[in-house]
Amino acid sequence: ADLKAFADQQPARLAKADNLARRHVVFHALAAGWMAAHTGQPALAREMLALTRDDPLLANYPANAAMARIVQAELAIQDGNPKEAIALLTPDDAPERGLYQTRVSLMRAHEAAGHFPEALALAEWLVARRGLAFSESNSQSTWQLVNVLQSNLAIDSAARLAQKTGEATLADTRRKEFEAAWPD
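The text that follows walks through the structure, step by step, so that each part is easy to find. Being a predicted model, the structure only gives us computed values, none of them experimental.

Digging into helix 3 (residues 42-52)
Thinking step 1. Taken together, the buried positions of helix 3 are Leu 44, Ala 45, Met 48, Leu 49 and Thr 52. One face of helix 3 carries all of its buried residues, which in axial projection span an arc of 145°.
Thinking step 2. Summarising the contacts, the buried residues of helix 3 are in contact with helix 1 (2-16), helix 2 (19-38), helix 4 (56-60) and helix 5 (62-78).

Below, the structure is given as structure tokens:
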């Protein structure tokens, strides 16, 4: 209910926003879109994509453009088409491109496609760049909390993926790290 209420506010916020604020409202609408897609509300996610699709500030700000691709990729994963998600996100998996969340979603897509070594490499990338989760510039630090949470969950993902790829030592190491970070 809270997510829907927040999403419902975005058209009015966009209509009132000047260019400086609009850049952030576009990101916030796309963030709501990702949350909707990730929590099984694809219609709401598509509504947020449609709201921002033709906005000139979508293409002008790399974080906004990356977030739009992330929402599209999450919808593809939820629709059972992880290869589409991989195709959307792979170009952003390069130095100085994409967002931290790009790699999270790309990791999820590779895992859903059964590409466990690729997913593990991305999980390890996320674990090794925990500082980026705290410092990445996106939109008024809106996504920082999600990035930090994802950096913690990447440890658990690395443990699970290492197990699937037969890397028992790494799986054990990451499992112990996750348990230390998240004790019962």
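There's more to say after this.
Looking at the layout of surface pockets
Thinking step 1. In this model, the largest pocket occupies a volume close to 200 Å³.
Thinking step 2. What lines the largest pocket is Ala 94, Pro 95, Glu 96, Arg 97, Gly 98, Leu 99, Tyr 100, Arg 103, Trp 125, Leu 132 and Glu 136.
Thinking step 3. Looking at the lining of the largest pocket, its residues break down into six nonpolar, one polar and four charged.

Section: helix 10 (residues 144-164)
Thinking step 1. Compared with the 30 Å implied by 1.5 Å per residue over 21 residues, the 29 Å span of helix 10 between its first and last C-alpha is a close match.
Thinking step 2. Most pronounced at Leu 153, the bend in helix 10 amounts to some 25°.
Thinking step 3. Residue Gly 166 follows helix 10 closely and has a positive phi angle near 80°.

Focus: a nonpolar patch on the surface
Thinking step 1. Nonpolar side chains collect at one region of the surface, where Leu 149, Leu 153 and Trp 182 lie side by side and expose about 260 Å² of accessible area between them.
Thinking step 2. Considering the arrangement of structural elements, one finds Leu 149 in helix 10.

Some remarks on the side chain of Thr 102
Thinking step 1. By secondary structure assignment, the location of Thr 102 is in helix 7 (residues 100-112).
Thinking step 2. According to the relative accessible area criterion, Thr 102 is buried, its value standing at 0%.
Thinking step 3. A distance of 2.8 Å separates the side chain of Thr 102 from the backbone nitrogen of Leu 99, its partner in a polar contact.
Thinking step 4. Once residues within four sequence positions are removed from consideration, Thr 102 is found in contact with Ala 66, Ile 70, Leu 89 and Asp 92.

Let's talk about the packing of helix 3 against helix 5
Thinking step 1. Following both chains from N to C, one finds helix 3 and helix 5 inclined at 155°, their axes separated by 10 Å at the closest point. As judged from the angle between their axes, helix 3 and helix 5 are roughly antiparallel. Two packed elements cross with a definite hand, and for helix 3 against helix 5 that hand is left-handed. Every residue of helix 5 that contacts helix 3 at Pro 42, Ala 45, Arg 46 and Leu 49 is listed here: Ala 68, Val 71, Gln 72 and Leu 75.

Remarks on the nonpolar core
Thinking step 1. Of all hydrophobic cores here, the largest spans 55 residues; its most connected members are Phe 27, Leu 30, Met 67, Val 71, Leu 99, Met 107 and Trp 143.
Thinking step 2. What Trp 143 contacts, discounting residues up to four positions off in sequence, is Phe 27, Ala 31, Trp 34, Met 35, Met 67, Gln 101 and Asn 138.

Topic: the side chain of Ser 139
Thinking step 1. When you line up the elements, Ser 139 lands in the loop between helix 9 (130-135) and helix 10.
Thinking step 2. Classification of Ser 139 as buried rests on a relative accessible area of 1%.
Thinking step 3. When sequence neighbours within four positions are dropped, the list of residues in contact with Ser 139 reads His 24, Phe 27 and His 28.

Definitions and limits used
- Residues numbered from 1 in each chain as written.
- Predicted model: local features only at pLDDT ≥ 70, side-chain atom pairs only at ≥ 80, totals over all residues.
- Heavy atoms only, no water.
- Buried < 20%, exposed > 50% of the residue type's maximum accessible area, 1.4 Å probe, protein only.
- Helix = DSSP H or I, 4+ residues; strand = E, 2+ residues; numbered from the N terminus.
- Arc of directions from axis to C-beta.
- Contact = heavy atoms within 4.5 Å.
- 1 Å grid on protein atoms, 1.4 Å probe; cavity = no way out; pocket = protein on both sides within 12 Å on 5 of 7 lines; lining within 4 Å.
- Points joined across faces, edges and corners; volume = space filled by probe spheres on them.
- Nonpolar A, V, L, I, M, F, W, Y, C, P; charged D, E, K, R; others polar.
- Expected span 1.5 Å × (residues − 1).
- Bend = angle between axes of the 7 residues up to and from the residue.
- Patch = residues over 30% accessible without salt bridge, like charges linked within 9 Å, V, L, I, M, F, W, Y side chains within 5 Å.
- Areas by Shrake-Rupley, 256 points an atom, 1.4 Å probe, with all protein chains shown as cover.
- Salt bridge = Lys/Arg side-chain N within 4 Å of Asp/Glu carboxyl O.
- Polar contact = N/O pair within 3.5 Å; in protein donor to acceptor, adjacent residues only side chain to side chain.
- Axes fitted to C-alpha atoms, helices over the stretch in contact; angles between N-to-C directions.
- Parallel < 35°, antiparallel > 145°, perpendicular 65-115°, else oblique.
- Left-handed = near helix turned anticlockwise from the far one by under 90°.
- Core = buried A, V, L, I, M, F, W, Y, C linked by side-chain atoms within 4.5 Å.

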